[in-house]
Amino acid sequence: MTTVLTDQFELDYRTIEETAKELYIRALKILPPQVKRGFERLQRDETDGTAKTILGTMVENIAVAERTRNLLCQDTGIPIYNVVVGRDVRLDGVALKEALRRGAERATREHPLRSSVVHPITRINEQTSCGRGIPVINVDFDNAPRQIRIEMIPKGSGSENGSFLQMLIPAQGIDGIKTFVIDKVIELGGRVCPPTIVGVGVGGTSDVCMHLAKVAATRPLGSACEDPEGEKLEKMLSIAVNSLGIGPQGLGGRGTSFAVHVETAATHITMNPVAVNIQCHSARRASAVISADDIEYGF
Amino acid sequence: MAHHVLPMPIDERQVRELRAGDTVTLERTLFGIRDATQIHMFDRGRTTRFDLKGHAVIHTAPNVRSVPKDEANPVGIAPVCIGTTTSQRMERFTRPLMEREGVRVIIGKGGLGDQSRQAFQDIGGAYLAIVGGAAALETTWIEAIEDVDLDDLNPESLWRFRIRGFGPILVAMDAHGGSLYDKVGETAAANRAAALAGLGVAQ
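Keep in mind the model is a prediction, meaning the values are calculated, not measured. (Residues numbered from 1 in each chain as written. Chains lettered and ligands numbered in written order. Predicted model: local features only at pLDDT ≥ 70, side-chain atom pairs only at ≥ 80, totals over all residues.)

## As for the overall build of chain A
Along the backbone of chain A there are eight helices and 11 strands. Expressed as a percentage of the 299 residues in chain A, the buried residues total 49%. Across chain A, the fraction of contacts at a sequence separation of at least 24, relative to all contacts at a separation of at least 6, is 80%. (Helix = DSSP H or I, 4+ residues; strand = E, 2+ residues; numbered from the N terminus. Buried ≥ 20, exposed ≤ 12 C-beta atoms within 10 Å, placed from the backbone. Contact = placed C-beta atoms within 7 Å.)

## Examining the nonpolar core
Core analysis: the biggest nonpolar cluster contains 134 residues, and Val 200 of chain A together with Val 57, Ala 126, Leu 128 and Ala 172 of chain B have the highest contact counts within it. Broken down by element, this core gets its largest block of residues, 10 residues, from strand β9 (residues 158–173) of chain B. Two domains each donate at least three residues to this core, and these are domain 1 (9–28 + 72–156 + 284–298) and domain 2 (157–279) of chain A. Among all residues touching Ala 172 of chain B, those that are not within four sequence positions of it are Leu 251 of chain A together with Ala 20, Gly 111, Tyr 127, Leu 128, Ala 129, Ser 179, Leu 180 and Tyr 181 of chain B. (Core = buried A, V, L, I, M, F, W, Y, C linked by C-beta atoms within 7 Å. Domains from an automatic or database assignment.)

## Remarks on the sheet that holds strand β8 (residues 257–265) of chain A
Residue and element names in this part refer to chain A. Strand order in the open sheet formed by four strands is β6-β9-β7-β8, with mixed pairing between adjacent strands. Either end of the sheet is taken by a strand with one partner, and the two such strands are β6 (163–168) and β8. Geometrically, the sheet is characterised by an average inter-axis angle of 15° between neighbouring strands, direction not taken into account. In terms of strand pairing, strand β7 (residues 196–203) meets β8 through eight bridges, oriented parallel. Across the sheet, residue Val 202 finds its bridge partner in β8, namely Thr 264. (Pairing = 2+ DSSP bridges. Axes fitted to C-alpha atoms, helices over the stretch in contact; angles between N-to-C directions.)

## Quick notes on the packing of helix α1 (residues 13–29) of chain A against helix α4 (residues 93–110) of chain A
Residue and element names in this part refer to chain A. Look at α1 against α4: their axes get within 7 Å of each other, and the N-to-C directions meet at 40°. Considered as vectors, α1 and α4 are oriented oblique to each other. Handedness of the α1/α4 crossing: right-handed. Contacts between α1 and α4 involve Tyr 13, Ile 16, Glu 17, Glu 18, Thr 19, Ala 20, Lys 21, Tyr 24 and Ile 25 from the first element and Ala 95, Leu 96, Ala 99, Leu 100, Arg 102, Gly 103, Ala 104, Arg 106 and Ala 107 from the second. Residues that form the contact of α1 with α4 fall into these classes: 11 nonpolar, two polar and five charged. (Parallel < 35°, antiparallel > 145°, perpendicular 65-115°, else oblique. Left-handed = near helix turned anticlockwise from the far one by under 90°. Nonpolar A, V, L, I, M, F, W, Y, C, P; charged D, E, K, R; others polar.)

## Describing helix α3 (residues 49–68) of chain A
Along its 20 residues, α3 of chain A runs 28 Å from first to last C-alpha, staying within 8% of the 28 Å computed at 1.5 Å per residue. Along α3 of chain A, the positions that sit buried rather than exposed are Thr 50, Ala 51, Ile 54, Leu 55, Met 58, Asn 61, Ile 62 and Ala 65 of chain A. Burial along α3 of chain A is one-sided: seen end-on, the buried residues are contained in an arc of 140°. Along α3 of chain A, the residues that are exposed and aim more than 90 degrees away from the buried face are Gly 49, Ala 63 and Arg 67 of chain A. Summarising the contacts, the buried residues of α3 of chain A are in contact with α1 and α2 (33–45) of chain A together with α5 (135–139) of chain B. With its phi angle positive at about 50°, Arg 69 of chain A sits one or two positions after the end of α3 of chain A. (Expected span 1.5 Å × (residues − 1). Arc of directions from axis to C-beta.)

## Observations regarding the domain arrangement of chain A
Residues and elements named next belong to chain A. Under the domain assignment, chain A is made up of domain 1 (9–28 + 72–156 + 284–298) and domain 2 (157–279). Facing six residues of domain 1, the contacting portion of domain 2 comprises five residues. Looking at the side of domain 1 that touches domain 2 residue by residue, the class counts come to one nonpolar, two polar and three charged.

## Examining the pairing of strand β9 (residues 272–279) of chain A
Residues and elements named next belong to chain A. The element β9 is largely enclosed, with a buried count of eight among its eight residues. By the alternation rule, side chains of β9 split into Asn 272, Val 274, Val 276 and Ile 278 and Pro 273, Ala 275, Asn 277 and Gln 279, which are all buried. In the sheet, β6 pairs with β9 via six bridges, with the strands oriented antiparallel. Residue pairing for β9: Gln 166 is matched across the bridge by Val 274. For β7 and β9, the ladder comprises six bridges, and the chain directions are antiparallel.

## Some points on the sheet that holds strand β5 (residues 147–155) of chain A
Residues and elements named next belong to chain A. Strand order in the open sheet made by the five strands is β4-β2-β5-β10-β11, with mixed pairing throughout. The sheet is open, and its two borders are formed by β4 (136–145) and β11 (294–298), each paired with just one other strand. Averaged over all adjacent pairs, the angle separating strand axes in this sheet is 20°, with direction ignored. The pairing of strand β2 (residues 78–87) with β5 spans eight bridges and is antiparallel.

## A short note on the interface of chain B and chain A
Each partner contributes residues to the interface: chain B has 43 residues there, and chain A has 44 residues. Those elements that place two or more of their residues in the side of chain B that touches chain A are β4 (63–66), α5 and α6 (180–198) of chain B. For the side of chain B that touches chain A, the element with the highest residue contribution is α6 of chain B, accounting for 13 residues. For the side of chain B that touches chain A, a count of residues per class yields 24 nonpolar, 16 polar and three charged.

## Overview of helix α8 (residues 228–241) of chain A
With 14 residues, α8 of chain A extends 20 Å from end C-alpha to end C-alpha; this agrees with the ideal 20 Å at 1.5 Å per step. Taken together, the buried positions of α8 of chain A are occupied by Gly 230, Leu 233, Glu 234, Leu 237, Ala 240 and Val 241 of chain A. For α8 of chain A, the angular spread of buried residues about the axis comes to 125°, placing them on one side. Facing away from the buried side of α8 of chain A, by more than 90 degrees, are the exposed residues Pro 228, Lys 232 and Ile 239 of chain A. Looking at the buried positions of α8 of chain A, the neighbouring elements they touch are α6 (173–188), β7 and β8 of chain A together with α6 of chain B.

## A short note on the packing of α2 of chain A against α3 of chain A
Residues and elements named next belong to chain A. It is at 10 Å that the axes of α2 and α3 come closest, and there the two elements cross at 155°. Classed by the angle they form, the pair α2 and α3 counts as roughly antiparallel. α3 is crossed by α2, and the crossing has left-handed handedness. Residues Lys 36, Phe 39, Leu 42 and Gln 43 of α2 touch α3, and the partners they reach there are Leu 55, Met 58, Val 59 and Ile 62.

Shown next as structure tokens:
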């Protein structure tokens, strides 16, 4: 059966490509205001001298990046595009993915940016920031009429290497989850470029759990888990991690993390999975909402 | 806590004067090195035409752009954004870097481990902590890319930077066994039980 829909928003893939390029560069240069406010909060609460100096340097760096229109951090990361397609949008999914990839490649070539992406076995760098399965493209759908939202996250490797999955068992309960998170934050110390956002996935299957941790780590700072149980847990853990004394860059102090974010999914009666994925203090993201007559950039 | 201004290269006596908690500003020359550079140098037998004796290396892979060769850009490559990366991955290369190449100072973020601390004591070396993720600022301390070797590994080539006022950065591990990371690790381990109790975890 064919239905002709006249009032649909049809995507223009050149616009998608341009936006994908612009988003990669914007994300690398302009830190979201929520993260700047996070730094202000950590600076207010900090008592350690070295930690205060380090936080001061990080804040100065944000200003230098904006003034000199430079990248905040040398790590251009692995490019991730999260796409949310609204109602009444007509699109060719393959063309959409190709446009996003071309945008990432052009940002790398035209800015230019360091290509941080290599083949996992040969370690050959194509100098495009892209490769097999990269950029990461996640597509979801929502009710927003006649628009598409694209979120770009350049995920740095120092924090990405701080990723863990543990298939705990039900008898280990919520205590096992809390202990796992605290122990991983201690183990990682300064390697993940604190102050961090600690992303925690709870539940699901193994792959879903790890993905939840990534969603949590890259969610806007200041946002809360939609599951009230997850929100309760993230509030408790946010206080706990900053009582450990790891501090900015792992050199001591209170400001180990801006926050712990938790995302949850239902799981099996025999399972109790937990995953950790870290976002560094350069918690970069950029977004754009594309509609028929406008592109609105944000974070 | 002293502040040291070090025109590179330096000798063993100078590096042994650095104490954990001191700060350092480097002048003149700094080399950039990374995972692939050291894998090729120490696991695959490649050598460099650069003399690293007495020098400092920073764990980095920079963003650069091609430009016409001139006095300011002698190899036709200009810096775009240069910062640091997590050092721990390169832990096993500290000793060969010091023994074979004569490097005295390693700069990075997050610290190095026990093998490096021992090498710093045995041979005379130090680890300086630069703030990770502050590359826009750190790029302003780099005047030029003077030369590049092993460039087939780009961006993980071996880079020679001309620097001016590179710092202040923190001496985090010294030649006397001192390590700020050890202290923080002990503090965190000691705070673990209280943190878990605060979370209501039965222990």
